[in-house]
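Structural overview for review
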Amino acid sequence: MKTISTRPGNVTPFVLEGCWALDRLDQATMRWLSKVAKRKQVGVADVIYEAVESFLAKCEAEAELETKIIKFPMSLKRFQSTDH
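For the structure given in this document, a descriptive report is provided here. No experiment lies behind these values; they were computed from the predicted model shown.

Quick word on a nonpolar patch on the surface
A grouping of Val52, Phe55 and Leu56 is seen on the molecular surface, where their side chains present a nonpolar patch of about 270 Å² in accessible area. Mapped onto the fold, Phe55 is located in helix H2 (residues 44-68). The exposed category is assigned to Phe55, whose relative accessible area is 53%.

Comments concerning the pattern of salt bridges
Tallying each qualifying case throughout the model produces one salt bridge. Between Lys40 and Glu50 there is a salt bridge, with the nearest N and O atoms lying 2.7 Å from each other. Within this pair, whereas Lys40 is found in helix H1 (residues 27-40), its partner Glu50 is found in helix H2, the two being separated by 10 residues in sequence. Lys40 sits in the partly exposed class, given a relative accessible area of 36%.

Digging into the packing of H1 against H2
The geometry of H1 relative to H2 is characterised by a closest axis approach of 8 Å and an angle of 100° between their N-to-C directions. Classified by the angle between their axes, H1 and H2 sit roughly perpendicular to one another. Mapping the contact onto sequence places Leu33, Ser34, Val36, Ala37 and Lys40 in H1 and Val44, Val47, Ile48 and Glu50 in H2. For the contact of H1 with H2, the residue count by class is six nonpolar, one polar and two charged.

The rules behind the values
Residues numbered from 1 in each chain as written. Predicted model: local features only at pLDDT ≥ 70, side-chain atom pairs only at ≥ 80, totals over all residues. Heavy atoms only, no water. Patch = residues over 30% accessible without salt bridge, like charges linked within 9 Å, V, L, I, M, F, W, Y side chains within 5 Å. Areas by Shrake-Rupley, 256 points an atom, 1.4 Å probe, with all protein chains shown as cover. Salt bridge = Lys/Arg side-chain N within 4 Å of Asp/Glu carboxyl O. Helix = DSSP H or I, 4+ residues; strand = E, 2+ residues; numbered from the N terminus. Buried < 20%, exposed > 50% of the residue type's maximum accessible area, 1.4 Å probe, protein only. Axes fitted to C-alpha atoms, helices over the stretch in contact; angles between N-to-C directions. Parallel < 35°, antiparallel > 145°, perpendicular 65-115°, else oblique. Contact = heavy atoms within 4.5 Å. Nonpolar A, V, L, I, M, F, W, Y, C, P; charged D, E, K, R; others polar.

Now the structure itself:
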(Lines give C-alpha, C1' and ligand atoms only; values in the text may rest on other atoms or scores of the structure.)
Protein backbone atom coordinates (compact mmCIF):
# COMPACT_ATOMS: atom_id res chain seq x y z
CA MET A 1 0.00 0.00 0.00
CA LYS A 2 1.40 3.40 -0.97
CA THR A 3 1.46 6.13 1.66
CA ILE A 4 1.00 9.79 0.83
CA SER A 5 3.20 12.32 2.61
CA THR A 6 0.68 15.18 2.30
CA ARG A 7 -3.06 14.64 2.41
CA PRO A 8 -4.93 15.74 -0.73
CA GLY A 9 -7.67 18.30 -0.24
CA ASN A 10 -10.42 15.82 -1.10
CA VAL A 11 -9.49 13.37 1.69
CA THR A 12 -11.26 13.76 5.01
CA PRO A 13 -9.51 12.03 7.91
CA PHE A 14 -11.72 9.84 10.08
CA VAL A 15 -11.33 7.06 12.61
CA LEU A 16 -13.42 3.90 12.43
CA GLU A 17 -14.79 2.79 15.81
CA GLY A 18 -12.16 4.88 17.59
CA CYS A 19 -9.36 2.54 16.49
CA TRP A 20 -8.63 2.64 12.79
CA ALA A 21 -7.38 5.81 11.08
CA LEU A 22 -8.69 5.28 7.57
CA ASP A 23 -7.44 8.45 5.91
CA ARG A 24 -4.27 6.60 4.89
CA LEU A 25 -6.04 3.72 3.12
CA ASP A 26 -6.36 4.16 -0.61
CA GLN A 27 -9.70 4.00 -2.37
CA ALA A 28 -9.08 0.56 -3.85
CA THR A 29 -8.38 -0.90 -0.40
CA MET A 30 -11.48 0.74 1.06
CA ARG A 31 -13.60 -0.67 -1.79
CA TRP A 32 -12.15 -4.13 -1.23
CA LEU A 33 -12.84 -3.93 2.52
CA SER A 34 -16.39 -2.79 1.81
CA LYS A 35 -16.93 -5.61 -0.70
CA VAL A 36 -15.70 -8.24 1.76
CA ALA A 37 -17.84 -6.72 4.54
CA LYS A 38 -20.96 -6.80 2.36
CA ARG A 39 -20.29 -10.40 1.30
CA LYS A 40 -19.89 -11.49 4.94
CA GLN A 41 -22.74 -9.21 6.05
CA VAL A 42 -20.58 -7.50 8.67
CA GLY A 43 -19.07 -4.06 9.10
CA VAL A 44 -15.76 -2.89 7.67
CA ALA A 45 -14.34 -2.72 11.20
CA ASP A 46 -15.13 -6.43 11.65
CA VAL A 47 -13.20 -7.25 8.48
CA ILE A 48 -10.22 -5.24 9.75
CA TYR A 49 -10.36 -6.92 13.18
CA GLU A 50 -10.54 -10.35 11.53
CA ALA A 51 -7.52 -9.57 9.35
CA VAL A 52 -5.49 -8.35 12.34
CA GLU A 53 -6.46 -11.40 14.40
CA SER A 54 -5.51 -13.71 11.53
CA PHE A 55 -2.16 -11.96 11.11
CA LEU A 56 -1.41 -12.21 14.84
CA ALA A 57 -2.35 -15.90 14.92
CA LYS A 58 0.00 -16.56 12.00
CA CYS A 59 2.84 -14.70 13.74
CA GLU A 60 2.25 -16.62 16.99
CA ALA A 61 2.19 -19.95 15.14
CA GLU A 62 5.46 -19.15 13.38
CA ALA A 63 7.05 -18.16 16.70
CA GLU A 64 5.90 -21.43 18.32
CA LEU A 65 7.17 -23.49 15.40
CA GLU A 66 10.78 -23.08 16.53
CA THR A 67 9.95 -24.74 19.87
CA LYS A 68 8.30 -27.70 18.10
CA ILE A 69 11.26 -28.62 15.90
CA ILE A 70 13.00 -31.76 17.09
CA LYS A 71 16.75 -31.34 17.01
CA PHE A 72 18.58 -34.62 16.65
CA PRO A 73 22.04 -35.09 18.10
CA MET A 74 24.92 -35.03 15.63
CA SER A 75 25.74 -38.70 16.36
CA LEU A 76 22.42 -39.82 14.87
CA LYS A 77 22.97 -37.77 11.74
CA ARG A 78 26.42 -39.29 11.32
CA PHE A 79 25.06 -42.81 11.93
CA GLN A 80 22.40 -42.37 9.22
CA SER A 81 24.97 -41.29 6.64
CA THR A 82 27.10 -44.44 7.18
CA ASP A 83 24.13 -46.78 6.57
CA HIS A 84 24.10 -46.08 2.84
